[in-house]
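Analysis of the macromolecular model
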Amino acid sequence: MSVKNPQFQTEESNRARVWKPKGRILGIPISLMAIWAALYIVASAVPALPVPGMAGMITLNTIMTAISGMILGPAAAIANAAGGIVSMLLFPYGFSAGPLGFLTVTMGGLVAGLLFANKWMLAGIAELLILGSWFVNPKAWDTGMWMVPLPYSAIALLVIFIPPLRNWMRRSILTLQKGWIWPAVFLMCCVGHSAEFMTTNSMTNWLFNLSWQYWVPTLPYWIGVDTVIILISTAVGVSVMVGLKKARLPQFSDSLGE
Amino acid sequence: MINLNQTAKNSPLYRLDGRSKLIGILAIFILAIVFSHPFYVLALLVIVMLVWWIARLPFQIIVDILKVFFVIALIILLVQVFFYPGKINLVRLSDPIKFIGFNGYLTLDGIGFGIAMVLRLFVIMVSAPLLVMTTPLPDLMVALVKLKVPYRFAFIMTTALSLLPSIQSRSNLIQQAQLCRGVTDFDSGKLWDRLRGTAGLLVPLILGSFRDSQTLDVAMSSRAFGAPGRRTFLIESHFSLLDDLVLGLSALLLIGGVTLRLLGLGIL
């Protein structure tokens with residue numbers, strides 16, 4: 001029986017034992033993402049706002065998508081996608097885009113999460129891709145169709161591409177700056193929600209070929225609905241961010257080291 | 001919430017592998033997008049109805065779906081009927097109203113396209129329950145993993161599913177606690193009160209659940225989540241002859257549909 005070099009033995013045994021920990025994705029524990037997905041599914045069953053002209057109601061998951069980016073960072077896209085897919089299987093009535101319905105909440109979490117992680121270039125590209133998917137459709141070249149994505153997508157683009165505004169927003173949320181946190185969370189919710197609803201609008205337009213005669217007259221109504229959603233999301237978002245900090249519970253900002 | 005249907009348990013569709021059903025539903029969805037001619041989409045709907053009948057699912061569910069999507073289907077139909085740029089005029093309704101883009105006529109193409117779009121919505125909506133009501137969710141998750149969906153992503157979905165009952169009961173508990181404090185009923189009451197109640201429900205629900213996630217994280221780490229080695233599954237899925245038949249039919253339909261579309265058929 002040959003005696004091996006002790007040094008070599010240690011390295012060999014180390015090599016066998018060392019494995020890449022897989023309990024986190026993009027800095028967020030998988031357990032937290034699973035909890036978020038479960039919350040998302042439960043929220044899909046709780047109606048928040050009855051909306052005429054839409055399938056059923058706006059459910060609480062819309063609010064969760066808007067705030068997911070600042071809680072989970074870019075991992076919000078994965079958690080939202082998981083929650084979205086399962087909700088789609090459990091409550092298929094709520095997704096008029098069929099099997100692709102989960103993409104809307106994924107994009108909402110992705111854009112807001114990337115922006116909160118200060119990956120503004122990627123967030124900008126994702127937002128521009130969403131807007132591009134709207135404008136590539138020939139229906140979007142008709143009268144007044146350029147106005148449809150304008151209200152909140154314009155705010156999102158300003159936040160993403162203007163450094164002082166972006167930095168102030170992130171700083172205010174990360175430090176929970178009293179007074180300023182409300183407008184900062186409002187802007188973050190605008191980013192998340194606009195990415196979600198523009199993906200939905202774009203998919204609806206590609207699937208059902210709706211013309212400007214539908215989109216333009218109903219625009220004020222949809223702006224009203226989106227405003228209400230963003231305002232509720234802001235109230236929930238501020239309370240959750242403050243609560244997470246006070247209770248020292250895990251969140252994306254822990255992985256930033258700020 | 002839609003659950004596994006009991007009558008569907010004796011159907012051939014129930015015995016199919018989750019992967020075959022997923023691929024079949026995806027094929028139907030792609031074909032629904034590919035075609036925009038009412039006859040072609042109607043043919044697709046007939047196929048879906050036939051599968052529905054084979055699955056022994058109650059047709060009452062379809063009526064429920066129709067009720068939910070009635071308003072949006074009506075909007076889609078009216079927009080297309082009045083504003084689709086058709087060429088074959090049927091009835092003259094008025095003089096052209098240029099500022100709303102109405103040429104004054106009801107066109108055959110407009111009516112056809114409107115019906116096709118409503119049928120498309122209907123096909124998409126009716127095909128999804130076919131999968132959910134005939135497949136237990138754990139089987140569906142195994143099917144996703146077998147279809148090479150990353151394991152960690154499938155794990156998030158299965159864990160979320162298993163956490164559902166506890167989060168739902170927590171949600172009910174919070175709602176009752178808020179009701180005791182005078183917050184309005186979440187399912188009725190004035191809009192503003194319900195909006196106020198939303199924050200009162202979501203905030204404690206999120207914070208309480210996040211606290212639980214720490215326990216779950218410790219449990220996962222102590223069981224060496226992500227350790228190398230071959231993973232085994234409690235539920236194993238296998239293709240049968242019926243699965244091969246379904247997959248073959250789906251492929252045939254898809255290839256046939258795309259070929260027809262490339263030949264310029266099936267569109268208005």
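Note that the coordinates shown come from a computational prediction; the quantities given were computed from them, not determined experimentally.

Looking at the overall build of chain B
When helices and strands are tallied, chain B shows nine helices and two strands. Ordered by position from the N terminus, the helices and strands of chain B form the series α-α-α-α-β-β-α-α-α-α-α. The C-alpha atoms of chain B give a radius of gyration of 24 Å, which is well past the 18 Å a tight globule of 268 residues would have. Along the first, second and third principal axes, the C-alpha atoms of chain B reach 70 × 60 × 35 Å. In chain B, the proportion of contacts linking residues at least 24 apart, taken out of those at least 6 apart, comes to 73%.

Things to note about the overall build of chain A
Along the backbone of chain A there are 11 helices and four strands. Relative to its full complement of 258 residues, chain A shows a buried share of 52%. Sequence separation of 24 or more characterises 76% of the internal contacts of chain A that already satisfy a separation of 6 or more.

Here we look at the environment of Pro217 of chain A
Residues and elements named next belong to chain A. As for its placement among the helices and strands, Pro217 is situated in the loop between helix 10 (212-215) and helix 11 (219-246). Residue Pro217 is classed as exposed on the basis of its C-beta count, with 11 C-beta atoms lying within 10 Å. Residues Pro217 and Gly144 lie 73 residues apart in sequence; the distance between their C-alpha atoms is 9.7 Å.

Here's the deal with helix 6 (residues 137-146) of chain B
Listed in full, the buried residues belonging to helix 6 of chain B are Leu140, Met141, Val142, Ala143 and Leu144 of chain B. Residues of helix 6 of chain B that are buried sit in contact with helix 4 (75-90) of chain A together with helix 2 (18-34) and helix 7 (151-180) of chain B.

Section: the packing of helix 7 (residues 150-161) of chain A against helix 8 (residues 163-174) of chain A
Residues and elements named next belong to chain A. Interaxial distance between helix 7 and helix 8 falls to 5 Å at its minimum, and their mutual angle equals 90°. One way to sum up the angle between helix 7 and helix 8 is to call them roughly perpendicular. For the pair helix 7 and helix 8, contact is made by Leu158, Val159 and Ile160 and by Leu165, Arg166 and Met169, respectively. Of the residues contributing to the contact of helix 7 with helix 8, the split by class is five nonpolar, no polar and one charged.

Re the packing of helix 4 (residues 60-83) of chain B against helix 5 (residues 108-132) of chain B
Residue and element names in this part refer to chain B. Interaxial distance between helix 4 and helix 5 falls to 9 Å at its minimum, and their mutual angle equals 155°. It follows that helix 4 is roughly antiparallel to helix 5 by the angle criterion. Considering only the axes of helix 4 and helix 5, their crossing is right-handed. Where helix 4 approaches helix 5, its residues Ile61, Ile62, Ile65, Phe69, Ala73, Ile76, Leu77, Gln80 and Val81 are matched on the opposing element by Gly110, Ile111, Phe113, Gly114, Met117, Val118, Leu121, Met125, Val126 and Pro129. Partitioning the contact of helix 4 with helix 5 into residue classes produces 16 nonpolar, three polar and no charged.

Structural notes on the environment of Ile62 of chain B
Residues and elements named next belong to chain B. By secondary structure assignment, the location of Ile62 is in helix 4. Judged by the 17 C-beta atoms lying within 10 Å of it, Ile62 falls in the partly exposed class. For the pair Ile62 and Asn172, spaced 110 residues apart in sequence, the C-alpha separation works out to 30 Å.

Here we look at the interface of chain A and chain B
With 58 residues of chain A at the interface, the matching set in chain B holds 61 residues. Elements with a minimum of two residues in the side of chain A that touches chain B: helix 2 (30-44), helix 4, helix 9 (181-208), helix 10 and helix 11 of chain A. In terms of residue count, the dominant contributor to the side of chain A that touches chain B is helix 2 of chain A (11 residues).

A few points about the confidence of the model for chain B
Mean pLDDT over chain B works out to 84, with 93% of the residues at or above the 70 mark. Scored as a complex, the prediction yields pTM 0.85 and ipTM 0.83.

Some details on unusual backbone geometry
The phi angle at Asn118 of chain A is positive, at roughly 65°, despite the residue not being glycine. Structurally, Asn118 of chain A is set in the loop between helix 5 (102-116) and helix 6 (120-135). Look at Asn118 of chain A and you get partly exposed, because 14 C-beta atoms sit within 10 Å. Unusually for a residue other than glycine, Ala224 of chain B sits at a positive phi of about 55°.

Some words on the nonpolar core
By size, the foremost hydrophobic cluster in this structure holds 145 residues, and its most contacted members are Met33 and Ala37 of chain A together with Ala160 of chain B. When residues of this core are assigned to their parent elements, the largest contribution, 15 residues, is made by helix 5 of chain B. Mapped onto the domain boundaries, this core takes at least three residues apiece from domain 1 (7-135 + 239-262) and domain 2 (143-222) of chain B.

Re the domain arrangement of chain B
When the domains of chain B are assigned, the result is domain 1 (7-135 + 239-262) and domain 2 (143-222). Computed from C-alpha atoms alone, the centre-to-centre distance between domain 1 of chain B and domain 2 of chain B is 34 Å.

Basis of the calculations
Residues numbered from 1 in each chain as written. Chains lettered and ligands numbered in written order. Predicted model: local features only at pLDDT ≥ 70, side-chain atom pairs only at ≥ 80, totals over all residues. Helix = DSSP H or I, 4+ residues; strand = E, 2+ residues; numbered from the N terminus. Rg over C-alpha atoms; globule rule 2.2 N^0.38 Å. Contact = placed C-beta atoms within 7 Å. Buried ≥ 20, exposed ≤ 12 C-beta atoms within 10 Å, placed from the backbone. Axes fitted to C-alpha atoms, helices over the stretch in contact; angles between N-to-C directions. Parallel < 35°, antiparallel > 145°, perpendicular 65-115°, else oblique. Nonpolar A, V, L, I, M, F, W, Y, C, P; charged D, E, K, R; others polar. Left-handed = near helix turned anticlockwise from the far one by under 90°. pLDDT = per-residue confidence, 0-100. Core = buried A, V, L, I, M, F, W, Y, C linked by C-beta atoms within 7 Å. Domains from an automatic or database assignment.

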